[in-house]
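One letter stands for each residue in the lines below.
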Amino acid sequence: MAKRGAEDIQDGAQAYLKRQKISNFVSTPGPATTVQSAKQLYQLLAFDQDTVRARHGIQSFKTFLESCTNPEDDHSHQLSILKEYLASHKPVEEDKTAVFLPELMQTWSFASQSNDESLLSAVPAVLALLLKTLSGLLDFSEHGLRLCRTLLQRNQLDLMVRGLTANKGKDFVISPVLRLLREVSTFDGGVLANQVFRARDHTFRGLARNLNLRFTGDGVEDLRKPSVRTNALRYVLSILKFLPVEAKRELLNQRDIVSALTKDIKDDPPFVVREVLETLKTRVLQDDALPRESKTRIVNATSLGRIALLYGYDQPDDASTVPNKAVDMTAHEFLVLACTTHDIGVLNRQAGFYPRGVDPDDAQDGTIDQDLLDLGLDTVEWMDKFTEEVPVRNTILSDFIQNLRPWSSTQQRELLISIFAAAPELVAGYFFSKKTFSFDPKLTATWIGYSAFLFSSLQLPIPEYFGHQQKYARLPPPPSIVLESILPQPLSQRVLRNCLLQPQNLIKFFAVRILCMAFKKFQKTMEMYQEAETGSSALWAQAASVLKESFCRRCPSIKDVIHAFRNMSNEDLLQREAITSLLVLYFEVVPSIALEAKFDVAEILIQTITNMDTGSLKPRDRALRAVELENLFQFARFSPGMRWFAKTDGLPVSPFMAMLKLCAEAPANVPLVKLNSVLSSIIEEHQILQSQTTISALDSLIIRLRFLEENSNSSAVYAFLDDCISRCAAKPIKYIFAFEEIIPISENEPISKQLPFSLLTLAIAEQWPFMIKSANDTMSQEIAQFVSQYMAACIKLKEDKMAIKWVVQGMLVDTPDKLPARNIIEGFRDLVESIEIPEPKIQPAAGPGESIKSNAPLEIEKSNLTESMLEDSTEISEDHKSLIKWTTKEVDEVVEGGYAASLVMLLSSEHLSVRKEALTSISKFAVKMRDSTFEEKDQIWLLLSEVVETAKKVIDQHPLATVVSAFAANSISVLNDPLHCLYPKINKFLSQGPTWELDKIPLMYKILDESPNLDDAYYSEASWLLTYMLTGLRSSADMAIYRKRRVFEKLFSLWNSTYLAPGLRDKILRILFRATTIAGGSTTLITRFSTMTWLQAQVALGAGTPLKVLMERILDTSDQQRVGRWSKGAKSVKHDTLNF
């Protein structure tokens, strides 16, 4: 059939009888119109069913808003147009339900109905741009708030849901709605963020899905064209910034949303990663008002593992932006904060080397009946139990650290070491689970990285008191757990032996350094065991013996160390210094295995001293030689056959004199302390110098040698002094008898018998004549100068002055008059005042003392505990501002913001005017609530009405009982949450009558004696009850109600529950401590409830320090005379209980 021509159509209506041609062509709007007036803007945005004109108007509005924010232009004219346009939509009467900018909202609705996706995307996009523009202009905040409230109305929320739930591929529809919600949440400092969250059935629709819609293009996501996930992330983060605590807790309970925040975060662009981590850090982790259980929603083993993947992040930053920190550094700081800071999220309080479930102060463990065989540590059933797995309190961290790779990244190693330092309980469990990781010596990057990690872990200190509270526990920690912090399982005896025998110097050096650190740490641990044994049970000594045996089995034999030392090059100074330190530690720490091999140190000592005397050494090499020589001298001290005062071939002086020379040549600010200790022990053993004065005679002698001039004659002084010291050490009894011959000459000074005197002085006097005969004038003058200074220093040290004068007179007799040395010796008295001597020795501090021996609480422990328990027991703070603030808030804000609860608490105010004003405000608010659309208005209105009727009877005479007002205030939040475990019981209580009995504790018996509404909610109900009972105990009147209703008997019974939930005993303690702050409260506890008997029983069962402190406080704050008559001696009760 041929197509009809236009001329064949006689009637225009016939044209519509034919089938219309379907076309996919969409008309595009023309270029944007420049807005010149508010009227023109109004016309452009007027509702029009022609979608082309509607898009054109919105495009023109968008261009107009962009010109308003262009920093390069003067946009005062545009702002005046915008202000006039927005003011024209201001309602005549202030009505929060009115629709602001109705033409835009109508256009948006029309786009949804007509399924015009381009218009459906353009309207929320331009609204988001409008809010962004208004947010930077203070004068426009009122208009912005009207627009935000309009957007939160039901019709607009439905339109947002349409955009949020669009198909995954329609980013251009989803993203504008997310940007709009973000602008609403952040407008005016986030004033409407809570309302946005309360409408989460609409505003959070499809959010979990949208958080997973990533950028799918090539390259890196552009900052100016963010993906749906980026917009969704920014929306959630902006909500987190401004939500109040309760709403933030609810948001963090949204598992799908919270999990999506960190899911595949390693694939996000750098600017998104930094924003996510910084927001979570500042708005969640560092939010002190947010409870810890809410923070763990963000920082758990899964999310921490995802963030840890950012250590290998390799996406480049945008060239146009200069980031402050790299992504891996931002992630590292976040993880360190989250994993090592208490009360922030992951890190729990822990007990160091005592595993979870172990009570180291349990009186039953380790108790031996006198009639039975003493089995020692075998009586403690858990002592040898932890060899494969350790139960810990930080389970999240324990799971997280297993996936870290400290050998591959410096930052991961630092993180793991920081976690170990904050939670030492994790060390043993970590190494127990790493048995399959081989540490066999291989010079690879992995082996070197793991070696560095092991060395860093050994550098961590042992926790104070092994992780117990303020003193050592009654029982020691399991030796297997302690050993893993000293020498972990990867460092087995076989592995360490192979490392020492390796030809590669680096492997050998790592092994030696690790062993040195392990020995020092073990030495410190043994000192702690000795301190603990002083004030605790004998089991500490047995545990120390077991630990020492285990440590020795894991250490390599000293034969392997000696073999490695002998194979070292003489030029490898760093290696030699390290391995000589290790040899010394073997003899100091574990002499039992150090004596397994014989090692003649004399030959090596001679060679090292010879190398030290060569003048070709550089300063750095000379310092290393000095340290090596110091270690060898220490090692030689343990050799019984060492001849300290015998000269050998190749040495001009004896080994002892070589040590003395080395100390003298060392810089004054770098003293060789260990070498000085060796010298002191040798001198004391051979009685060369006196040790009775407060100033060390050895240090004074070293100072004299330090002042010797570097010339050819200094060797003569050393040779003369070496000869004198050798003779004195060989026959000290000879000089003792010589000193006794001097004493009768100075009998006119009886005190001389008590003054100290050095035998070296007599040896010098004995050898003086022979030196005068054999030495030339120059040498004799140098020696005489040294001797005169030595004699003057001895007098200044408060040695026997008369004896020294007699010795000098004998030396002058043997010195010819013409020799210059005679004049030098005669002038020694003139040097006494000017001679330099060292500082007095520091007196040793008192030992660990009586505080460890006593079983009573330490003062600092009592102070901290009392302060913690009474931190909220100060005079009640009345929130008078709530009397005014509630009038300016919406009903939901008054309820959820705590203003209603504050009004109820004011009924217990001491001031009559405040009570009456609070009663009036509660009545008015109850009427306002009943007329509102608040979901839970009926139940809360009933509660407030009953509170008003109850308070009317008494507030004119006295305040309402605090326990009643506290119950009502805490019930408001319960009635606002129908899912609360106490919701049925409180509603049933409200239905019993219009008023309450003022001398009863509401719901106490219902909660404690009856079954809960939910099977597992008993302790949740008890926790809520204890919370309001703590708040309700403030005055003597409250104490009278508690006494009448036998509250404390109920608390004692609840305390003794075997399966009491964590935290409830703490709340019971706080109530008891609160009672001691009330006049007559402590006396009531003692005389009416037998509190002292209950406390004694609990302390006898090993309840610990808190009850001892409570018992002492009750006695101190009670009426001593009345309690004394009642108990027949309160002080004796206190003494017996504290020292139980």
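The structure we're discussing is the one just above.
This text gives an overview of the structure that appears in the document. (Residues numbered from 1 in each chain as written. Predicted model: local features only at pLDDT ≥ 70, side-chain atom pairs only at ≥ 80, totals over all residues. Heavy atoms only, no water.)

This part takes up the overall build of the protein chain. Of the regular secondary structure elements, the protein chain holds 59 helices and 0 strands. Counting every position in the protein chain, which comprises 1140 residues, the buried fraction comes to 50%. Within the protein chain, contacts between residues separated by at least 24 positions form 75% of all contacts whose residues are at least 6 apart in sequence. Of the roughly 54,900 Å² that the protein chain leaves accessible, carbon and sulfur atoms contribute 50%. (Helix = DSSP H or I, 4+ residues; strand = E, 2+ residues; numbered from the N terminus. Buried < 20%, exposed > 50% of the residue type's maximum accessible area, 1.4 Å probe, protein only. Contact = heavy atoms within 4.5 Å. Areas by Shrake-Rupley, 256 points an atom, 1.4 Å probe, with all protein chains shown as cover.)

Attention now moves to unusual backbone geometry. Positive phi, close to 60°, is recorded for Asn-115, a residue that is not glycine. Looking at the secondary structure, you find Asn-115 in the loop between α4 (102-114) and α5 (117-135). By relative accessible area, Asn-115 is classed as partly exposed at 47%.

One side chain can pair with another of opposite charge once the charged atoms of both are near each other. Under the defined criterion, the tally for this structure stands at 34 salt bridges. For Arg-198, the salt bridge identified is with Glu-896, shortest N-O distance 3.5 Å. In this pair, Arg-198 is assigned in helix α9 (residues 193-198) and Glu-896 in helix α44 (residues 891-896), connecting sequence segments 698 residues apart. Residue classification places Arg-198 among the partly exposed residues on the basis of a relative accessible area of 27%. A residue is classified by how much of its surface remains accessible, and Glu-896, at 34% relative accessible area, is partly exposed. Of the charged contacts in the structure, one is a salt bridge between Glu-766 and Lys-734, with a shortest N-O distance of 2.6 Å. (Salt bridge = Lys/Arg side-chain N within 4 Å of Asp/Glu carboxyl O.)

So, about the nonpolar core. Ranked by internal contacts, the top residues of the largest apolar core, which has 286 residues, are Phe-420, Leu-660 and Leu-760. Residues within four places of Leu-760 in sequence aside, it is in contact with Ile-688, Leu-689, Leu-701, Leu-721, Cys-724, Ile-725, Cys-728 and Tyr-790. Counting 94 residues, the second-largest nonpolar core is a separate cluster that includes Trp-886, Ala-951, Ile-972 and Leu-990. (Core = buried A, V, L, I, M, F, W, Y, C linked by side-chain atoms within 4.5 Å.)

With that settled, the discussion passes to the packing of helix α52 (residues 1036-1044) against helix α55 (residues 1081-1089). At a closest axis distance of 11 Å, the pairing of α52 and α55 adopts a crossing angle of 10°. Considered as vectors, α52 and α55 are oriented roughly parallel to each other. Residue-level inspection shows Met-1039, Tyr-1042 and Arg-1043 of α52 in contact with α55, the latter providing Gly-1081, Thr-1084, Leu-1085, Arg-1088 and Phe-1089. Classifying every residue of the contact of α52 with α55 gives 4 nonpolar, 2 polar and 2 charged. (Axes fitted to C-alpha atoms, helices over the stretch in contact; angles between N-to-C directions. Parallel < 35°, antiparallel > 145°, perpendicular 65-115°, else oblique. Nonpolar A, V, L, I, M, F, W, Y, C, P; charged D, E, K, R; others polar.)

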